[in-house]
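Below are the chains, spelled out letter by letter.
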Amino acid sequence: LAYIILGYNQAYPLYNDLHEVFKEPFVNNIQNFYNGSINLTTLNNQLISLLAAGGDTVPKRMLQDTILTSMLADPDNRFNVALENNDIYEWAPAEPTRLYYCGADEQVPFQNSIVADSVMNALGAPDVKAENVNPYFGHGACVFPAVINSIQYFLSFVNGTATKEVHAPGKDELKFFPNPSSDLVRTDWAPAADGFTYKIFNTNGMLVNSGKASSGYISMSNLPDGLYMILCTAGSQTKMGRVLRQ
């Protein structure tokens, strides 16, 4: 919620000061994230802890009462208008499109993909499909298979005979050793033996590190503890794997 409101304010804007929107003690943490002194995962953990101390973790309790009341009662509230302006599923993509989702996502309603699929096809889209990557995965668990599917789908247009869609973690997934690790990890992926480029993403899908490796080793030492997705490219091939940093 904080991330969305901060982002929307860059585009519209919606407020002059965070205190107009959020209550204390949440403002200080959100401001620290906005200033870059903490990352999104840390902010998420801090806000959940603060909410839990008040009896539950319902995000709307972070909002000022005046903001919440207005959003619920007034369709023309500035936040509602901004949200509506970004609800843009009512169009027909001319190019092939895939909407990957997981059926147990507790943060983003999977119905978003199903509704978009139905409307886009009704409007004449030639090739739009919503695909349930895994009906049992929640939001965090869905990141890796959804990204892998997306990459494989795009690569299918580069070389349609060389790729296939991946519908579960572990299938065609790059392996790293040791795992978990607090320092260097290596891969025995043969194409990476002569060097490769890599990108490391956290479970929020944010790029946290990238670089080139002349061997099969990548350093995890500068990253906070947590689960990461590492995307490696060697020549014309790209594969992805997971590493737990602890």
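Definitions and limits used
- Residues numbered from 1 in each chain as written.
- Predicted model: local features only at pLDDT ≥ 70, side-chain atom pairs only at ≥ 80, totals over all residues.
- Heavy atoms only, no water.
- Pairing = 2+ DSSP bridges.
- Helix = DSSP H or I, 4+ residues; strand = E, 2+ residues; numbered from the N terminus.
- Core = buried A, V, L, I, M, F, W, Y, C linked by side-chain atoms within 4.5 Å.
- Buried < 20%, exposed > 50% of the residue type's maximum accessible area, 1.4 Å probe, protein only.
- Contact = heavy atoms within 4.5 Å.
- Arc of directions from axis to C-beta.
- 1 Å grid on protein atoms, 1.4 Å probe; cavity = no way out; pocket = protein on both sides within 12 Å on 5 of 7 lines; lining within 4 Å.
- Points joined across faces, edges and corners; volume = space filled by probe spheres on them.
- Nonpolar A, V, L, I, M, F, W, Y, C, P; charged D, E, K, R; others polar.
- pLDDT = per-residue confidence, 0-100.
- Axes fitted to C-alpha atoms, helices over the stretch in contact; angles between N-to-C directions.
- Parallel < 35°, antiparallel > 145°, perpendicular 65-115°, else oblique.
- Salt bridge = Lys/Arg side-chain N within 4 Å of Asp/Glu carboxyl O.

Caption draft 1: Highlighting the pairing of strand 8 (residues 237-245). Relative to strand 8, strand 7 (residues 226-234) is paired through nine bridges, and the arrangement is antiparallel. Note that in strand 8 the partner of C232 across the bridge is K239. Between strand 7 and the antiparallel strand that follows it, strand 8, lie two residues; G235 among them carries a positive phi value of about 65 degrees.

Caption draft 2: Representation of the nonpolar core in the model. Core analysis: the largest hydrophobic core is formed by 24 residues, its most contacted members being F22, I30 and L43. Counting residues per element, the ones that place at least two in this core are helix 1 (2-11), helix 2 (26-35), helix 3 (40-53), helix 4 (65-73) and helix 5 (78-85). If we ignore the near neighbours within four places in the chain, the residues touching L43 are A2, N29, I30, F33 and I38. Listed in part, the 17 residues of the second largest apolar core include W189, A192, A213 and A234.

Caption draft 3: Representation of helix 2 within the structure. If you check which residues of helix 2 are buried, you get F26, V27, N29, I30 and F33. Buried residues of helix 2, viewed axially, fall in a sector of 165 degrees; they line one side. Buried residues along helix 2 sit against helix 1 and helix 3.

Caption draft 4: Molecular detail of the layout of surface pockets. Taken as a whole, the largest pocket holds about 1600 Å³ of empty space. For the largest pocket, the lining is made up of 48 residues, of which L1, I4, Q107, V108 and H139 are closest to its centre. Elements with a contribution of two residues or more to the lining of the largest pocket: helix 1, helix 3, helix 5, strand 1 (97-102), helix 6 (111-122) and helix 7 (139-158). Considering each element in turn, the lining of the largest pocket owes the most residues, eight residues, to helix 3. Across the lining of the largest pocket, the residue classes break down as 31 nonpolar, 13 polar and four charged.

Caption draft 5: Seen up close, the confidence of the model for the protein. Summarising the model, the protein shows a mean pLDDT of 87, and 93% of its residues fall at 70 or more. A low-confidence stretch, residues 160-171 stays under pLDDT 50, and its non-local contacts, those more than four residues away or across chains, total 24 contacts.

Caption draft 6: Local environment of the packing of helix 2 against helix 3. Taken N-terminus to C-terminus, the directions of helix 2 and helix 3 make an angle of 175 degrees; their axes are 10 Å apart at the nearest point. Here helix 3 runs roughly antiparallel to helix 2, going by the angle between their axes. Taken together, the residues of helix 3 that come into contact with helix 2 (itself represented by F26, N29, I30 and F33) are L40, L43, Q46, L47, L50 and L51. Among the residues forming the contact of helix 2 with helix 3, the class breakdown is eight nonpolar, two polar and no charged.

Caption draft 7: Quick look at the pattern of salt bridges. A complete count under the given rule lists five salt bridges for this structure. As a salt-bridge pair, D127 and R98 come within 3.1 Å of each other at their nearest N and O atoms. Residue D127 is located in the loop between helix 6 and strand 2 (128-134), and its partner R98 is located in strand 1; the two are separated by 29 residues in the primary sequence. The buried category is assigned to R98, whose relative accessible area is 17%. For R98, the salt bridge goes to E131, with nearest N and O atoms at 3.7 Å. Of the two residues, R98 is situated in strand 1 and E131 in strand 2; the sequence distance between them amounts to 33 residues. Of the residues examined, E131 reaches a relative accessible area of 16% and is grouped as buried. Within the structure, one salt-bridge network assembled from shared partners comprises R98, D127 and E131.

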